[in-house]
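What the coordinates show
One letter stands for each residue in the lines below.
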Amino acid sequence: PFVLFSCPRAFSEETKAKFVREMKVEKFHESSNDPLGTYQAAKTVMKEEGPTARALCVLHVMDYACWQDLPDGVPKVCMDLYLDYHRRDLLL
């Protein structure tokens with residue numbers, strides 16, 4: 001569903017209607033409270049802008065390519081990495 005909703009031109013309206021039904025959230029999963037601190041750890045790593053942050057950028061490339069109006073935008077470390085990959089013809 002992420003690609004269907006976040007990349008509007010990825011699929012035709014007919015395809016979306018065929019495969020996507022309306023989803024409603026009744027209750028959040030316990031992990032959304034971040035009991036292990038992974039969200040905060042990722043935020044800290046991104047601020048450091050080191051190799052682990054760049055690895056996270058690679059994992060999130062589809063998210064950043066498709067989402068519009070991200071609350072905090074695309075992190076600078078990711079933008080720099082994507083530009084470097086693009087210059088070396090490693091990223092389309």
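In the block above lies the structure referred to throughout.
Described in the following lines is the structure provided in the data block. All values derive from a computational prediction rather than experimental measurement.

**So, unusual backbone geometry**
With a phi close to 55°, E49 is a non-glycine residue in the positive phi region. The topology assignment puts E49 in the loop between α3 (38–48) and α4 (51–59).

**Quick look at the layout of surface pockets**
Computed from the structure, the largest pocket encloses a volume of approximately 550 Å³. Considering the residues around the largest pocket, the lining is formed by 19 residues, among which K43, M46, Y64, D72 and P75 are closest to the centre. Mapped by element, the contributors of at least two residues to the lining of the largest pocket are α3, α5 (61–66) and α6 (76–87). The element best represented in the lining of the largest pocket is α3, accounting for 5 residues. Of the residues belonging to the lining of the largest pocket, the class tally is 11 nonpolar, 2 polar and 6 charged.

**Describing the pattern of salt bridges**
A full pass over the atoms with the stated rule returns 2 salt bridges. Across the pair K76 and D80 runs a salt bridge whose closest N-O atoms are separated by 2.7 Å. Of the two residues, K76 and D80 are both situated in helix α6; the distance of 4 residues between them amounts to about one turn of the helix. Residue classification places K76 among the exposed residues on the basis of a relative accessible area of 53%.

What counts, and where the lines are drawn
Residues numbered from 1 in each chain as written. Predicted model: local features only at pLDDT ≥ 70, side-chain atom pairs only at ≥ 80, totals over all residues. Heavy atoms only, no water. Helix = DSSP H or I, 4+ residues; strand = E, 2+ residues; numbered from the N terminus. 1 Å grid on protein atoms, 1.4 Å probe; cavity = no way out; pocket = protein on both sides within 12 Å on 5 of 7 lines; lining within 4 Å. Points joined across faces, edges and corners; volume = space filled by probe spheres on them. Nonpolar A, V, L, I, M, F, W, Y, C, P; charged D, E, K, R; others polar. Salt bridge = Lys/Arg side-chain N within 4 Å of Asp/Glu carboxyl O. Buried < 20%, exposed > 50% of the residue type's maximum accessible area, 1.4 Å probe, protein only.

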